[in-house]
Amino acid sequence: MEQISISEIQRNLHKLNDFDIIEVIDKKRNKIKGYFIESKYASFVEELSQKVEKKKKRKSAAGSLHAYANLDLIDQEEGA
């Protein structure tokens, strides 16, 4: 995957035309700032984003209750 710095984008915006996906980096801090994705992939990205949001919203009751369970007391429970 091609990497490009923020300052390179500012100076040479035309470089974005040659690629479908570019990783945008902050060279000074050596961090990934995000990705430039060509607009033809917008619908795919939006669909994927919605699936991730739905998955975050769905929680199982068992998983939620497990966070509050005291494992030290499980042996004392009736029928355990």
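Everything discussed here concerns the structure shown above.
A few points on the structure. Predicted model only: the values in this text are computed from it and were never measured. Think of each chain on its own: its residues are numbered from 1, step by step along the sequence as written. pLDDT decides what is reported in this predicted model: residues at 70 or higher carry local features, side-chain atom pairs at 80 or more are listed and counted, and totals for whole chains, interfaces and linings draw on all residues regardless. Hydrogens and water molecules were not included; the side-chain quantities draw on all heavy atoms of the structure.

Thoughts on the nonpolar core
Part 1: We define the nonpolar core as a collection of buried residues of types Ala, Val, Leu, Ile, Met, Phe, Trp, Tyr and Cys that are connected through side-chain atoms lying within 4.5 Å of one another. Relative accessibility decides the category of a residue: with a 1.4 Å probe and only protein chains considered, values under 20% of the type maximum give buried, values over 50% give exposed, and everything between is partly exposed. With five residues, the main nonpolar core is built from I4, I9, L16, I22 and V24.
Part 2: Residues are treated as being in contact if the distance between any of their heavy atoms lies within 4.5 Å. Setting aside chain neighbours within four positions, we find V24 in contact with I4, I6, I9, K31, I32, K33, G34, Y35 and F36.

Focus on the sheet that holds strand β2 (residues 21–26)
Part 1: Strand order in the open sheet made by the three strands is β1-β2-β3, with mixed pairing throughout. Unpaired on one side and paired on the other, β1 (2–5) and β3 (31–37) mark the two borders of the sheet. The mean angle between the axes of side-by-side strands here comes to 35°, regardless of whether they run parallel or antiparallel.
Part 2: For two strands to pair, DSSP has to find at least two bridges joining them. Comment: elements are numbered from the N terminus, with helices defined as DSSP H or I runs of at least four residues and strands as E runs of at least two. Pairing between β1 and β2: four bridges, direction parallel. Axes, fitted as lines to C-alpha atoms, cover a helix only where it is in contact. Angles between the N-to-C directions of the axes lie from 0 to 180 degrees.

Some remarks on the pattern of salt bridges
Part 1: For this document, the term salt bridge refers to a Lys or Arg side-chain nitrogen within 4 Å of an Asp or Glu carboxyl oxygen. Going through the model one piece at a time under the given rule, you end up with five salt bridges.
Part 2: For E8, the salt bridge is made with K15, and the minimal N-O distance between the two is 2.8 Å.
Part 3: Judged by relative accessible area, E8 falls into the buried class, the value being 18%.
Part 4: Its salt-bridge partner being K27, residue E8 comes within 3.9 Å of it at the nearest N-O pair. Placement of E8 in helix α1 (residues 6–11) and of K27 in the loop between β2 and β3 is noted, with a sequence separation of 19 residues between them.

Structural notes on a nonpolar patch on the surface
Part 1: Together, M1, I21, I32, Y35, I37, F44, V45, L48 and V52 give the surface a local cluster of nonpolar side chains, amounting to about 870 Å² of exposed area.
Part 2: Among the elements of the structure, β3 and α2 (42–57) are those that each provide at least two residues to the nonpolar patch.
Part 3: No other element matches the four residues that α2 contributes to the nonpolar patch.
Part 4: The exposure class of Y35 is partly exposed, given its relative accessible area of 47%. Like charges within 9 Å and nonpolar side chains (Val, Leu, Ile, Met, Phe, Trp, Tyr) within 5 Å are joined into patches, using only residues over 30% in relative accessible area that form no salt bridge. Only the protein chains shown count as cover for residues, and the accessible areas themselves come from Shrake-Rupley with a 1.4 Å probe.

Description of the side chain of E23
Part 1: Considering the arrangement of structural elements, one finds E23 in strand β2.
Part 2: Buried and without a salt bridge, E23 has K27 as its closest oppositely charged side chain, separated by 11 Å.
Part 3: Among the polar contacts made by the side chain of E23, one reaches the side chain of Q3 at a distance of 2.7 Å.
Part 4: Here a polar contact is taken to be a pair of N or O atoms separated by no more than 3.5 Å, where protein atoms must pair a possible hydrogen donor with a possible acceptor and residues adjacent in sequence count only if both atoms sit in side chains. One polar contact links E23 to Y35, side chain to side chain, over a distance of 3.0 Å. Neither His nor the chain ends contribute to the count of charged residues, in which Lys and Arg are positive and Asp and Glu negative.

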